[in-house]
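# Examination of the molecular architecture
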Amino acid sequence: MKTLIAAYSGVLRGERRTKAARNESSNGGSALSPQGSGRWGVACSAILMYTFCTDCWLIAVLYFTWLAFDWNTPKKGGRRSQWVRNWAVWRYFRDYFPIQLVKTHNLLTTRNYIFGYHPHGIMGLGAFCNFSTEATEVSKKFPGIRPYLATLAGNFRMPVLREYLMSGGICPVNRDTIDYLLSKNGSGNAIIIVVGGAAESLSSMPGKNAVTLRNRKGFVKLALRHGADLVPTYSFGENEVYKQVIFEEGSWGRWVQKKFQKYIGFAPCIFHGRGLFSSDTWGLVPYSKPITTVVGEPITIPKLEHPTQQDIDLYHAMYMEALVKLFDKHKTKFGLPETEVLEVN
């Protein structure tokens, strides 16, 4: 989906310029999410299985043999490719919305970091563009820092798709991987975790700034165990690029979503964007609304091998306060009124 958007962004930008000549243009916000990457993973798996039935079956056999030996590579940070991260297609992707990355403080290369990314939105497009590509020059803005965008571990069980994910610096969001990156991979590592996850995506809608954070404390415990500094990060506009059918609490639709979330790890959303060639029709192409990701000031975290619940609660409260302050400081710069309040659930 993301590559498709980037490939067609030139056409869509041309359409916007034509409309702008008649009128003023409007303003507008996994991680690869399961909705996006899952479809590509199924497609890759189907093509590979089909290859077994052709004269090229040996290619599939060799790949699966190699896959068995390479199975644990994602848990060790994968195989980052600067060539893939610098593909020109990502710049088209960036310019379509557009997406920008705002740095507020320097990050020391002698420390490791956990970025809390908010909000999830439908597909986490800002997280993907800013941290798994070089379209917004993250490596130049934070020299010596290696970003690892964390997404569902199930994505790395998809043949071929896993190679693409690893090349962008995307890793599984599980304890083994995070422990490895924060303890056995030197310093200068930054793991980006979309803290709200599937639960937060269910409330994603234009005009709403809400995060699921109050009871999400696992990332704070990991930071304390490894002495990794916490960095609050907010993406203004992430919720603006798709419209979603919101099911009320207690409805059958929300019940189904919660069951999927509990047993499969993600919640299916009923959402839509614009059509491929016209903004007046519905489709899966996101609306071209600006997404601005602001990286806040790091919170220094001590290393505690066995943090108590009191320790976790203390630094979790500090993180929530820092995130709200970051939102309040920058909200008016990106089209929100002074009265806008960040809803922390």
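Residues numbered from 1 in each chain as written. Predicted model: local features only at pLDDT ≥ 70, side-chain atom pairs only at ≥ 80, totals over all residues. Heavy atoms only, no water.

## Brief notes about the pairing of strand S5 (residues 189-194)
Spelled out, the test is: Any residue under 20% of the maximum accessible area for its type is buried, any over 50% is exposed, and the rest in between are partly exposed; the area is computed with a 1.4 Å probe on protein chains only. Helix numbering and strand numbering both begin at the N terminus, where a helix is a DSSP run of H or I of at least 4 residues and a strand a DSSP run of E of at least 2. By the convention used here, strands pair only if DSSP detects at least 2 bridges between them.
Judged by how many residues are buried, S5 sits mostly within the fold: six of six residues are covered. Side chains of S5 alternate between two faces, with Asn189, Ile191 and Ile193 and Ala190, Ile192 and Val194 buried alike. Strand direction decides the pairing type here: strand S2 (residues 113-118) and S5, joined by five bridges, are parallel. Residue Tyr113 lies in a different strand from S5, and its bridge partner there is Ala190.

## A few points about the UniProt feature "transmembrane region" (unreviewed entry) in the protein
Test applied: UniProt positions are given in the numbering used here, feature names are shortened, and annotations may be inferred rather than shown by experiment.
Here the UniProt-annotated "transmembrane region" (unreviewed entry) positions come out as residues 47-69. This span, residues 47-69, is 78% helix and 0% strand, and a straight line between its end C-alpha atoms measures 21 Å.

## A word on the packing of helix H9 (residues 175-183) against helix H11 (residues 218-226)
Note the threshold: Only C-alpha atoms enter the line fits that serve as axes; for helices the fit covers just the stretch in contact. Angles between N-to-C directions range over 0 to 180 degrees. Crossings are sorted by hand: turned counterclockwise from the far helix by less than a right angle, the near helix makes the crossing left-handed, and turned clockwise it makes it right-handed. The contact definition used throughout considers only heavy atoms, calling two residues in contact when any of these lie within 4.5 Å. Each residue gets one of three labels, nonpolar for Ala, Val, Leu, Ile, Met, Phe, Trp, Tyr, Cys and Pro, charged for Asp, Glu, Lys and Arg, and polar for the others, Gly among them.
Close contact between H9 and H11 brings their axes to 10 Å; oriented N to C, the two are set at 35 degrees. When you trace H9 past H11, the crossing you get is right-handed. Contacts between H9 and H11 involve Arg175, Ile178, Asp179, Leu182 and Ser183 on the former and, on the latter, Leu222, Arg225 and His226. Considering only residue class, the contact of H9 with H11 consists of three nonpolar, two polar and three charged.

## Focus on the sheet that holds strand S3 (residues 146-151)
Spatially, the seven strands line up as an open sheet ordered S1-S11-S7-S2-S5-S3-S4, and their pairing is mixed. The sheet is open, and its two borders are formed by strand S1 (99-103) and strand S4 (170-172), each paired with just one other strand. Pairwise comparison of adjacent strand axes, ignoring direction, gives a mean angle of 25 degrees for this sheet. Pairing of S3 with S4 involves three bridges; the strand directions are parallel. When the bridges of S4 are listed, Leu149 appears paired with Ile170.

## Quick look at unusual backbone geometry
That bond from Phe97 to Pro98 is cis: its omega, -5 degrees, falls within 30 degrees of zero. Looking along the chain, the bond that leaves His118 and enters Pro119 is cis, with omega of -15 degrees. Positionally, Pro119 belongs in the loop between S2 and helix H6 (125-131). Its identity as a non-glycine residue notwithstanding, Glu137 has a phi of 60 degrees, on the positive side. Tracing the backbone shows Glu137 in the loop between H6 and helix H7 (138-141).

## Some points on a nonpolar patch on the surface
To keep it simple, the criterion reads: Here a patch means residues that are over 30% exposed by relative accessible area and free of salt bridges, tied together within 9 Å if like-charged and within 5 Å if nonpolar (Val, Leu, Ile, Met, Phe, Trp, Tyr). A 1.4 Å probe and the Shrake-Rupley method give the accessible areas. Residues count as covered only by the protein chains that appear here. Salt bridge criterion: a side-chain nitrogen from Lys or Arg within 4 Å of a carboxyl oxygen from Asp or Glu.
Together, Met49, Phe52, Trp57, Leu58 and Leu62 make up a nonpolar patch on the protein surface, roughly 510 Å² of accessible area in all. Looking at the nonpolar patch element by element, the count peaks at three residues for helix H3 (residues 57-69). Following the sequence through the fold, Met49 ends up in helix H2 (residues 34-51). The class of Met49 is partly exposed, set by a relative accessible area of 48%.

## Quick word on the packing of aromatic side chains
Heads up, the rule is: Aromatic contacts are taken between Phe, Tyr and Trp rings whose centres are within 6.5 Å, Trp giving its six-membered ring; a plane angle under 30 degrees counts as stacked, one over 60 as edge-to-face, and the others as tilted. A ring is scored as having a charge over it whenever the NZ atom of a lysine or the CZ atom of an arginine sits within 6 Å of its centre and within 35 degrees of its normal.
On inspection of all chains with the given rule, the structure shows 17 aromatic pairs. For the pair Trp83 and Trp87, a centre-to-centre distance of 5.5 Å together with 90 degrees between the ring planes defines the contact as edge-to-face. Judged by centre distance (5.5 Å) and plane angle (20 degrees), the ring pair of Phe236 and Phe327 falls under stacked. Of the two residues, Phe236 is situated in strand S7 (residues 229-236) and Phe327 in helix H13 (residues 309-330); the sequence distance between them amounts to 91 residues. Given a relative accessible area of 4%, Phe236 falls into the buried group. An aromatic cluster of three or more residues is present, and its members are Trp83, Trp87, Trp90, Phe93, Tyr96, Phe97, Phe128 and Tyr164. Over the ring of Tyr148 we find Arg80, and its NZ or CZ is 4.5 Å from the ring centre.

## Topic: helix H5 (residues 88-96)
Heads up, the condition is: Here the arc refers to the set of directions running from the helix axis out to each C-beta atom.
Regarding H5, the residues found buried are Val89, Trp90, Phe93 and Tyr96. Taken around the axis of H5, the buried residues stretch over an arc of 115 degrees, which confines them to a single face.

## Describing the sheet that holds strand S9 (residues 271-274)
One open sheet accounts for three strands, arranged S8-S9-S10; its pairing is antiparallel. The open sheet terminates on both sides in strands that have one partner only, identified here as strand S8 (243-244) and strand S10 (282-283). For S9 and S10, the ladder comprises two bridges, and the chain directions are antiparallel. By the bridge assignment, Arg274 is partnered in S10 with Trp282.

## Side note on the pattern of salt bridges
Scanning all chains against the criterion turns up 15 salt bridges. Taking the shortest distance from any N to any O, the salt bridge between Asp70 and Arg162 comes out at 3.0 Å. Placement of Asp70 in the loop between H3 and helix H4 (82-85) and of Arg162 in helix H8 (residues 161-167) is noted, with a sequence separation of 92 residues between them. Accessibility classification places Asp70 together with Arg162 in one group, the buried group. Two residues, Asp328 and Lys331, come together in a salt bridge whose shortest N-O distance is 3.3 Å. Overall, the relative accessible area of 4% leaves Lys331 in the buried class.

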